[in-house]
Amino acid sequence: MKQGIPRLLCLVAGIVMIVQFFIPHPISEKIFSESLRWVRIISAFALVLGVRSITVHHGTRIIRKSSGWGYSLVALVAMVVTAVIGLFGGVDPHATALLPTSIGGFSFHLQVLYANLMVPLGATMFSILAFYMASAAYRSFRARNKEATVLLVAAFIVMIGMVPIGSAIWPKLPDIAQWLLNVPSMAAKRGILFGIALGSVATSLKIILGIERGWLGGGK
Amino acid sequence: MSFLLAVCFIFGIGPPEAVKACDRPNDAGKCILLSWKLSPDDAGLKSYDIVRTDAFGKDTVVGSVPSGIGSFTDESVRDNVRYTYRVVARQDSLRAESVASGIAVSRAQWFNKARVNVLVALVIFSFLVFYFIRHARAGRKLFIRRIAGLDAVEEAVGRATEMGRPILYVPGLAGISQISTIAALNILSEVAKKTAKYGTDLLVPNRDPIVYTVALEMVKEAYTEVGRPDMFKKENVFFVSDNQFAYAAAVDGMMVREKPATNFFMGMFWAESLILAETGAATGAVQIAGTDSVHQLPFFITACDHTLIGEELYAASAYLSRDPLLLGSLKGQDWGKVVILAVLVAGSILLVLSGIKGLSFLHVIYSFFNIS
């Protein structure tokens, strides 16, 4: 019973969505858009579980004084403060709100918090990628064997060919770089994509027909 | 140009001809396609106005296209209403009207004929999968090639146990609707069984709240299945943040502080893939990654010890569990690839042959394989 109903729902929903793909009629489109709405509603409910999980996880770390528990305290305080400001303080200074979100000329409504904390923090993490790319490239481009040497040469041609100095060195370099991207690279990419497409269909069939049941909690 | 304008002014302009109107095929209705032969004086024209006449004889100008264009899509029609169309060539005050088209009626279709090829492919592939599942169910042995990344899972869990350090499992950053996330969760179940058996801590940070709830249930069930429900720690499977880089920062912090002996990165990843994998490599962890995102594969191949490429991610749960039913479907996938290969070769030959005079009919067969 615990697994029977979800499996039946999965079977029906899976078959309906497959059939829907082949029917362009407005009724079919309505079913599709309605199902997307349901997914959004379910996601909103799941967010409550997510907030509970954050609270329990970080709360436990603080109580147990686990290593780096101070970060957990910052995370919990930030979550509560942001939620309170968002719910009662308003999104921007023009919105009417229960709580004041400015002291003199200093404003701390939700939009300010997002633009001045989340955006730069996200940008910082993204910027780190440049350094990681350099270190990863150093490791993979060391010409230790034939394959690594081919990779190094191909990468060098593509990088040089993509910048203006490439055509200045040799006018045919950009064409060679483009050929490397369009032919060998694309061929490998398409081979992988065929495998992915078939794997996706096979996994979907296994789930719809109840052969693969891991998503139900792992039981047989 | 001025000469043409002068000719038009003196002799008038020729109207567009052969106006054809038809329902757009394979759609949800409310659309009629129009085409016409351009006016002989097209070069000197300003535009073509499209005039629609409904069943009551009421004329409406539904649109206008510049000269040189001989088609129009009318998306302002109602279904099951009879319409005729005229196309009016215009050059300032000069006008030349075509003969009315035949009657066109827009209707919503119940089957998209352009997707017949997809349906055929789906039926063939499903047949192959079911055939090999039946084959496996009958107890016949199936050969499955070795996947080094999956063979290393046992060793990686053992290493973490010996070192007394936890295992970190990242089930991708996509939602539950992504097949790769489901594949990642299936692998999580197998990994959790091994960690439960060895008594090793398993940390599962999640980006999506729904994935978190499913992951929690799967890990719990895996521990119960191997008879170690007491070892399951609920707080080790948790939701972090739905913000991409906040999640990456949190997982990086976890790697640096907790120093997991093994990191698994399975599922869908975006720009954070290298941030996670390089941090893991810096901590000295054994890293096994698997993704179907072709853009992130090079990063994982560079920074991880083993990488499951594309379909290997989907094959992992079958490979690890050795369940004959799941292995049967893997065999079906392999034969599906053989079919695709045959279609590619046949399509290439047909395309080349269709260029030969007298064999152009082969192009029709080739076109069947084009996906709309």
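Not measured: the values here are computed from a predicted model.

(A) View of the overall build of chain B. Summing up its helical and strand segments, chain B has 11 helices and 14 strands in all. For 372 residues, the compact-globule estimate of 2.2 N^0.38 gives 21 Å, and chain B exceeds it by more than 25% at 31 Å. Counting only C-alpha atoms and orienting by the principal axes, one finds that chain B spans roughly 95 × 50 × 40 Å. Split into buried and exposed, the 372 residues of chain B put 44% on the buried side. Intrachain contacts of chain B at a sequence separation of at least 6 include 69% that bridge at least 24 residues.

(B) The arrangement of the pairing of strand β13 (residues 286-291) of chain B in detail. All names here are of chain B. Counted residue by residue, β13 has six buried out of six residues, so it is predominantly covered. Burial of the side chains of β13 extends over both faces: Val286, Ile288 and Gly290 are buried on one face and Gln287, Ala289 and Thr291 on the other. Bridge count between strand β12 (residues 262-266) and β13: five bridges; the pairing is parallel. Note that in β13 the partner of Phe265 across the bridge is Ala289. Between β12 and its parallel partner β13, the chain crosses via helix α7 (residues 272-282), and the hand of that crossover is right-handed. By the bridge criterion, four bridges tie β13 to strand β14 (residues 306-309) in an arrangement that is parallel.

(C) How the structure looks around the packing of helix α2 (residues 116-137) of chain B against helix α10 (residues 324-354) of chain B. Residue and element names in this part refer to chain B. Between α2 and α10, whose axes approach to 7 Å, the crossing angle comes to 140 degrees. In terms of orientation, α2 lies oblique with respect to α10. Our pair here, α2 against α10, has a crossing hand that is right-handed. Judged by residue contacts, Ile124, Phe125, Leu128, Val129, Tyr131, Phe132, Ile133, His135, Ala136 and Arg137 of α2 engage Pro324, Leu325, Leu327, Gly328, Ser329, Lys331, Gly332, Trp335, Gly336 and Val339 from α10. Tallied by class, the residues present in the contact of α2 with α10 amount to 13 nonpolar, five polar and two charged.

(D) Here's a closer look at the interface of chain A and chain B. On the side of chain B, 64 residues touch chain A, which itself brings 55 residues to the contact. Top element by residues in the side of chain A that touches chain B is helix α7 (residues 173-208) of chain A. It accounts for 16 residues. Per-class residue counts for the side of chain A that touches chain B are 30 nonpolar, 20 polar and five charged.

(E) Region of interest: the packing of helix α4 (residues 179-198) of chain B against helix α9 (residues 311-321) of chain B. Residue and element names in this part refer to chain B. Two numbers describe how α4 lies on α9: the axes approach to 8 Å, and their chain directions differ by 25 degrees. One way to sum up the angle between α4 and α9 is to call them roughly parallel. α9 is crossed by α4, and the crossing has left-handed handedness. Between α4 and α9, the residues in contact are Ser180, Ala183, Asn186, Ile187 and Glu190 and Leu313, Tyr314, Ala316, Ser317, Leu320 and Ser321, respectively. When the residues that make up the contact of α4 with α9 are grouped by side-chain class, the tally is six nonpolar, four polar and one charged.

(F) The arrangement of the sheet that holds strand β9 (residues 167-170) of chain B in detail. All names here are of chain B. Taking strand neighbours across the sheet as the criterion, the six strands line up as β11-β10-β9-β12-β13-β14 in an open arrangement whose pairing is parallel. Each edge of the open sheet carries a strand with a single partner, namely β11 (237-239) and β14. Each strand axis lies, on average, 15 degrees off the axis of its neighbour in the sheet, ignoring direction. Sheet strands in contact with helix α6 (residues 244-258) are β9, β10 (202-206) and β12, and its direction is about 160 degrees off that of β10.

(G) Just the domain arrangement of chain A, in detail. In terms of domains, chain A is made up of domain 1 (1-66), domain 2 (83-136) and domain 3 (141-220). Each of domain 1 of chain A and domain 2 of chain A has a C-alpha centre, and the two are 29 Å apart.

(H) Representation of helix α2 (residues 26-64) of chain A within the structure. Spanning 39 residues, α2(A) covers 57 Å between terminal C-alpha atoms, matching the ideal 57 Å at 1.5 Å per step. Buried within α2(A) are the following residues: Ser28(A), Gly50(A), Ser53(A), Ile54(A), His57(A), His58(A) and Arg61(A). The secondary structure elements touched by the buried residues of α2(A) are α1 (4-22) and α3 (69-89) of chain A together with α5 (209-225) and β11 of chain B. One or two residues past the end of α2(A) sits Lys65(A), with phi positive at roughly 55 degrees.

(I) Region of interest: the UniProt feature "transmembrane region" (unreviewed entry) in chain A. Residues and elements named next belong to chain A. According to UniProt, the "transmembrane region" (unreviewed entry) feature falls on residues 7-23, 35-56, 68-91, 111-138, 150-171 and 191-211. Within residues 7-23, the helical portion is 94% and the strand portion 0%, while the C-alpha atoms at the span's ends are 24 Å from each other. This span, residues 191-211, is 86% helix and 0% strand, and a straight line between its end C-alpha atoms measures 27 Å.

(J) The domain arrangement of chain B, seen in detail. What the domain assignment reports for chain B is domain 1 (2-105), domain 2 (113-127 + 326-368) and domain 3 (142-322). The C-alpha-based centres of domain 1 of chain B and domain 3 of chain B are spaced at 60 Å.

(K) How the structure looks around the pairing of β10(B). Residue and element names in this part refer to chain B. Buried residues dominate β10, accounting for five of its five residues. Residue alternation in β10 divides its side chains into two sets, Leu202, Val204 and Asn206 and Leu203 and Pro205, and both sets are buried. Where β9 and β10 come together, two bridges link them in parallel fashion. Directly across from Leu168, in β10, lies its bridge partner Leu203. For the crossover from β9 across α4 to β10, the handedness is right-handed. Strand direction decides the pairing type here: β10 and β11, joined by three bridges, are parallel. Looking across to β11, one finds that Val204 is bridged to Val237. In terms of handedness, the path from β10 via α5 over to β11 forms a crossover that is right-handed.

(L) Main features of the nonpolar core. Residue and element names in this part refer to chain B. Tyr169, Leu188, Ala215, Val219 and Ala277 are the most contacted members of the largest nonpolar core, which has 94 residues in total. Residue contacts for Val219: discarding those within four places in its chain leaves Leu188, Ala192, Leu202, Val204, Phe232 and Val237. Ranked by size, the runner-up nonpolar core spans 17 residues in total, among them Val19, Leu34, Trp36 and Val77.

(M) Fine view of the environment of Met266(B). All names here are of chain B. As for its placement among the helices and strands, Met266 is situated in strand β12. With 25 C-beta atoms packed within 10 Å, Met266 lands in the buried category. It is 9.4 Å that separates the C-alpha atoms of Met266 and Thr307, two residues lying 41 residues apart in sequence. In this structure, Met266 is in contact with Pro171, Gly172, Ala184, Ile187, Gly290 and Leu313, ignoring residues within four places of it in sequence.

About the criteria used
Residues numbered from 1 in each chain as written. Chains lettered and ligands numbered in written order. Predicted model: local features only at pLDDT ≥ 70, side-chain atom pairs only at ≥ 80, totals over all residues. Helix = DSSP H or I, 4+ residues; strand = E, 2+ residues; numbered from the N terminus. Rg over C-alpha atoms; globule rule 2.2 N^0.38 Å. Buried ≥ 20, exposed ≤ 12 C-beta atoms within 10 Å, placed from the backbone. Contact = placed C-beta atoms within 7 Å. Pairing = 2+ DSSP bridges. Right-handed = clockwise from strand over helix to strand, strands pointing away. Axes fitted to C-alpha atoms, helices over the stretch in contact; angles between N-to-C directions. Parallel < 35°, antiparallel > 145°, perpendicular 65-115°, else oblique. Left-handed = near helix turned anticlockwise from the far one by under 90°. Nonpolar A, V, L, I, M, F, W, Y, C, P; charged D, E, K, R; others polar. Domains from an automatic or database assignment. Expected span 1.5 Å × (residues − 1). UniProt positions renumbered as here; feature names shortened; annotations may be inferred. Core = buried A, V, L, I, M, F, W, Y, C linked by C-beta atoms within 7 Å.

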